[in-house]
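Chain and residue survey
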Amino acid sequence: MTYQFIAVDDAAPRIRRITLNRPEKRNAINNGMRAELFAALEAADADPAVHVSIIRGAGVCFSAGYDLKATGEEKPYYTAGGDGSWSRHVTEGWLRMWDLAKPVIAQVHGYAMAGGTELAAACDLVYVAHDATFSYPVVRVISPPDFQYHPWLVGMRNAMELVLMGDPISGDDAVRIGMANRAFDASELDERVIELATRIAGVPAELLQINKRSVHRAMEIMGIREGVRAGSELQALASQLPSTKAMLEGDPVAQVKAAGKRE
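The rules behind each value
- Residues numbered from 1 in each chain as written.
- Predicted model: local features only at pLDDT ≥ 70, side-chain atom pairs only at ≥ 80, totals over all residues.
- Heavy atoms only, no water.
- Helix = DSSP H or I, 4+ residues; strand = E, 2+ residues; numbered from the N terminus.
- Rg over C-alpha atoms; globule rule 2.2 N^0.38 Å.
- Buried < 20%, exposed > 50% of the residue type's maximum accessible area, 1.4 Å probe, protein only.
- Contact = heavy atoms within 4.5 Å.
- Areas by Shrake-Rupley, 256 points an atom, 1.4 Å probe, with all protein chains shown as cover.
- Lys, Arg positive; Asp, Glu negative; His and termini not counted.
- Charge placed at Lys NZ, Arg CZ, Asp CG, Glu CD.
- Axes fitted to C-alpha atoms, helices over the stretch in contact; angles between N-to-C directions.
- Parallel < 35°, antiparallel > 145°, perpendicular 65-115°, else oblique.
- Left-handed = near helix turned anticlockwise from the far one by under 90°.
- Nonpolar A, V, L, I, M, F, W, Y, C, P; charged D, E, K, R; others polar.
- Salt bridge = Lys/Arg side-chain N within 4 Å of Asp/Glu carboxyl O.

Details of the overall build of the protein
- A tally of helices and strands in the protein yields 11 helices and 9 strands.
- Scaling as 2.2 N^0.38, a compact globule of 263 residues should have a C-alpha radius of gyration of about 18 Å, and the protein matches this with 18 Å.
- With respect to the principal axes defined by its C-alpha atoms, the protein has extents near 55 × 40 × 40 Å.
- Burial analysis of the protein (263 residues in total) assigns 50% to the buried set.
- A sequence separation of at least 24 residues applies to 72% of the contacts in the protein between residues at least 6 apart.
- Per element, the accessible surface of the protein, about 12,400 Å² overall, is 54% carbon and sulfur.
- Of the charged side chains in the protein, 28 are positive and 33 negative; the average position of the first set lies 1 Å away from that of the second.

A few points about the packing of helix α2 (residues 85-98) against helix α9 (residues 224-238)
- Remark: α2 packs on α9, axes separated minimally by 9 Å, with the N-to-C direction vectors making an angle of 160°. The pairing of α2 with α9 is recorded here as roughly antiparallel in orientation. Here α2 runs over α9; the crossing is right-handed. Contacts between α2 and α9 involve S87, R88, T91, E92, L95 and W98 on the former and, on the latter, I224, R225, V228, R229, S232, E233, Q235 and A236.
- In terms of residue class, the contact of α2 with α9 is built from 5 nonpolar, 4 polar and 5 charged.

What about the pattern of salt bridges?
- In total, this model carries 13 salt bridges according to the counting rule given.
- Note that R217 and E220 form a salt bridge whose closest N and O atoms lie 3.4 Å from each other. You can see R217 and its partner E220 sitting in helix α8 (residues 205-221), 3 residues apart, about one turn around the helix.
- The exposure class assigned to R217 is partly exposed, which follows from its relative accessible area of 40%.

Quick word on helix α3 (residues 115-122)
- Here α3 lies mainly inside the structure; 8 of its 8 residues are buried.
- Restricting attention to buried positions, one finds in α3 the residues G115, G116, T117, E118, L119, A120, A121 and A122.

Structure follows, in structure tokens:
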């Protein structure tokens, strides 16, 4: 398959690597990239030669988040319309990743913003550079996140700070609060992630599937699936706020960039 927005290679035996490949746009996530990403992940899931997938970003960062300038693009799958359609749509996509049989690793360097943090959270494991940053500046000007995984992954107090402030946290802090597994020097990140993926890939694929699912089922018993779906409706409610409507009538891209800067 020929890709426009991603690159795919086999980084090592039984390891499929997907690189978000819009470095000139800081790997901003448009619908075309999402369609290709899901297609590549599903192909890996169906390939008996693949046991684990890695997602990383080309250029200076993992991803700057959803491409706010991309409009009118065909969505990769149907979602019912009405208020909240976008947040429901992207949440369905991230849950599709959770439901894959084989583990998916996020490899984060530079920064992951907004939708980029959601993509990382949808992966089963997250390995980061020490100096990577995670942030969601959209919470300061538009709405809560589309994919509201926070209380389950990082706990109530850390979740409150993330969604009330939207400030960047370092890769080391992401590990400390449970958003990521381990942090490494940026120069070693590729090598170390391949080492860890190789360790995982040594397990039979059918056993990996059950092992992965056992953790997800426990999270679902704790309400994560229902919670993130309910969160998408709250995201839609935020779009009706007077302050949000006024901001969206202006330049939302500039507003989000401004919100990402500490005062």
